[in-house]
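Architecture at a glance
The residues making up each chain are set out below.
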Amino acid sequence: MSDTTITRARLVAAASALVLAAGGLGFGLAKLGTSPAADQTASPASQKKILYWYDPMIPAERHDGPGLSSMGMKLIPRYADEGAGGSVAPGVAIDPASLQRLGARIVEVERGSLSSSASAAGTIEFNDRNVAVVQARSGGFVQRVYARAPGDVVPAGAPLADILVPEWAGAQAEYLAVRRTGDAGLARAARQRLSLLGMPAGSIAATERTGRPQGVTTISTPVGGVIKTLGVRQGMTVAQGQTLAEVNGLATVWLNAAVPEALAGKLRIGTPVTATLAAFPGENFRGRIAAILPQAEAASRTLTIRVELPNRAGRLRPGMFASVALDQGSRDALLVPSEAVIRTGRRTLVMLAGPGGRFRAAEVRTGAEGGGKTEIVAGLTEGEKVVASGQFLIDSEASLAGLDARPIGVEASPATKPAVKPTAPIYETVGSIEAIDRSSVTLSHQPVPAIGWPAMTMTFRVADPALVRGYRKGERVRFGFDQLADGPTLRRMTREAGR
């Protein structure tokens, strides 16, 4: 065999070996890619049945596969077993990333002091109890008028017009003649006749002093204030009893404020009121409710309260707009942020936040509102967590999942009810404030039988400065305190009813 033939045979054998080696490597790689271990590491979520894809911010919008929603947000899957019964806590599950996109804020239901204050809008008006009517006591002729016009502010005794009364001239002449006779009885009768004719006492005295008839009388204002109407003009004839002017005093004014009808049961005569006006920024005008008008406004569903305010220097002018704050004290209550409450018209709901990122609506009954907080009368317990923002979108998600709201009267289950830290017992009694500041309050209080305390005066630490805000020395209060290592600590305080 030649050398050329041997060399060619060796090359063919080497090529065959390379082909076999490449085939074995490819088979091994293929076998590795389809190994049982790879099948066992597949995501458990991929084994669940996906109903549809959706955006938590637009729960009504559904898609057949992954992608982006109409708002450009990444879609997430809805699985068939989400919200199902069994051992899973009731509610709709939302992952933390989706909660962040919703802007959800979760807060605890807590007990605190609810300020029973309300605000209203009102206007300054004339005090209609301080109106003087100027009339002609006898018929006559207007000889002179003074420079007056409706809207003028005049002092008491300001002249309005000079009126000639012919009837008075004859009666005065008769009176002077009788006086000259020396008959005291006839003189008294003639003088009495002048008074009955409507002649002012000052004009009669002037007649006696001068000995001449005074046929012209000056009509003046009996009180100081603003001229509301003026019906006397130069040269006119006036009749007895004719109204010449009306003058409204300005020493006090009325503040009439519209209060929502829902607060009608809480309004009381004498409730303190603080008014602020845009014309006097930073200045408060204080008064008390003087009257609650009996008729409600049907269109606005409001009641009108009337507050009488002193008007020093006449600064408060009728027609000015005022903001009114009614302070009705404070009391202890179970509170949630007002923005957490969902009012559907048929019922009132909050969105509960449970463990594991699960959410469920709960029906509640609400009470008063104040300071951005709403009182919960029934439906929640202290320490539960609710959604304060973004709850409408979560509620829509729960509605799509077919979840019913937790009814009032059903306690939170152990799986969803958070643990509440035990607190020291609260002891209550009644006392009077002797001294008060932000950090402490000294109270002269009645006995506390639960801990064997007699009646005495004691200083209590203040846990929260807001508890003592608005209170003054001398007020009688009902208060609660606990016994801590640092000493007795004030936990709540309200004004004693009827004080």
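Residues numbered from 1 in each chain as written. Predicted model: local features only at pLDDT ≥ 70, side-chain atom pairs only at ≥ 80, totals over all residues. Heavy atoms only, no water.

By the naming in an unreviewed UniProt entry, the protein chain goes by Efflux RND transporter periplasmic adaptor subunit and is assigned to Sphingomonas corticis.

Remarks on the overall build of the protein chain
Summing up its helical and strand segments, the protein chain has seven helices and 30 strands in all. Considering only contacts within the protein chain whose residues lie at least 6 apart along the sequence, 67% involve residues at least 24 apart. (Helix = DSSP H or I, 4+ residues; strand = E, 2+ residues; numbered from the N terminus. Contact = heavy atoms within 4.5 Å.)

Considerations on the confidence of the model for the protein chain
Low-pLDDT portions of the prediction should not be read for the details of their coordinates. Here the protein chain averages 77 in pLDDT, and 76% of its residues register 70 or above. Segment residues 83–88: pLDDT under 50, and four contacts once partners within four positions in sequence are set aside and those in other chains are kept. A low-confidence stretch, residues 413–422 (pLDDT under 50), is modelled with 10 contacts involving residues beyond four sequence positions or located in other chains. (pLDDT = per-residue confidence, 0-100.)

A look at unusual backbone geometry
The phi angle at Arg-301 is positive, at roughly 55 degrees, despite the residue not being glycine. Looking at the element boundaries, Arg-301 is found in the loop between β17 (284–292) and β18 (302–310). The backbone of Ala-313 sits at a positive phi, close to 65 degrees, despite the residue not being glycine. Take Ala-313: its relative accessible area is 80%, and that puts it in the exposed class. (Buried < 20%, exposed > 50% of the residue type's maximum accessible area, 1.4 Å probe, protein only.)

Notes on the packing of aromatic side chains
Counted according to the given criterion, the structure contains seven aromatic pairs. The interplanar angle of 45 degrees and the centroid separation of 6.5 Å between the aromatic rings of Trp-453 and Phe-460 together place this pair among those described as tilted. Grouping aromatic residues by their ring pairs yields a cluster made of Tyr-427, Trp-453, Phe-460, Phe-479 and Phe-481. Its end group placed over the ring of Trp-254, Arg-306 keeps NZ or CZ at 3.8 Å from the ring centre. (Phe/Tyr/Trp six-rings, centres within 6.5 Å; stacked < 30°, edge-to-face > 60°. Lys NZ or Arg CZ within 6 Å of the ring centre and 35° of its normal.)

Re the sheet that holds strand β30 (residues 487–495)
Spatial ordering of the closed barrel is given by β26-β27-β28-β30-β29, a layout of five strands whose pairing is mixed. The average angle at which neighbouring strand axes cross in this sheet is 55 degrees, direction not considered. Of the pairings in the sheet, the one linking strand β26 (residues 427–436) to strand β27 (residues 440–445) comprises five bridges and is antiparallel in character. Each residue of the ladder has a partner; that of Gly-431, found in β27, is His-445. (Pairing = 2+ DSSP bridges. Axes fitted to C-alpha atoms, helices over the stretch in contact; angles between N-to-C directions.)

Topic: the sheet that holds strand β9 (residues 153–154)
Strands sit in the order β7-β14-β12-β9 across an open sheet of four strands; the sheet is antiparallel. Lying at the two open borders of the sheet, with one neighbouring strand each, are β7 (131–135) and β9. Bridging between strand β12 (residues 225–230) and strand β14 (residues 243–248) involves four bridges; their strand directions are antiparallel. The partner of Leu-230 across the bridge, within β14, is Ala-245.

A short note on the side chain of Asn-256
You can see Asn-256 is positioned in strand β15 (residues 252–260). A residue is classified by how much of its surface remains accessible, and Asn-256, at 10% relative accessible area, is buried. Side-chain polar atoms of Asn-256 contact the side chain of Glu-125, separated by 3.0 Å. A distance of 3.4 Å separates polar atoms of two side chains, one belonging to Asn-256 and the other to Arg-306. Residues in contact with Asn-256, not counting those within four places in the same chain, are Ala-121, Gly-122, Thr-123, Glu-125, Thr-304, Ile-305 and Arg-306. (Polar contact = N/O pair within 3.5 Å; in protein donor to acceptor, adjacent residues only side chain to side chain.)

Structural notes on the nonpolar core
Among the nonpolar cores identified, the biggest contains 24 residues, and Ile-163 and Leu-244 are the most heavily contacted of them. Filtering out sequence-adjacent residues up to four positions away, Leu-244 remains in contact with Val-134, Gln-135, Ala-136, Ile-163, Ile-219, Thr-229, Leu-230, Gly-231, Val-232 and Val-238. If you look at the next biggest cluster of nonpolar residues, it comprises 22 residues, including Ile-124, Leu-267, Ala-275 and Leu-277. (Core = buried A, V, L, I, M, F, W, Y, C linked by side-chain atoms within 4.5 Å.)

Let's talk about the pattern of salt bridges
Counted by the stated rule, this structure contains 11 salt bridges. One salt bridge connects Arg-315 with Glu-283, and the closest N-O pair in it is separated by 2.5 Å. Note that Arg-315 is positioned in the loop between β18 and β19 (321–337) and Glu-283 in the loop between β16 (272–277) and β17, a separation of 32 residues in sequence. Judged by its relative accessible area of 28%, Glu-283 is partly exposed. Each member of the salt-bridge network shares a partner with another, and the members are Glu-428, Arg-478, Arg-492 and Glu-496. (Salt bridge = Lys/Arg side-chain N within 4 Å of Asp/Glu carboxyl O.)

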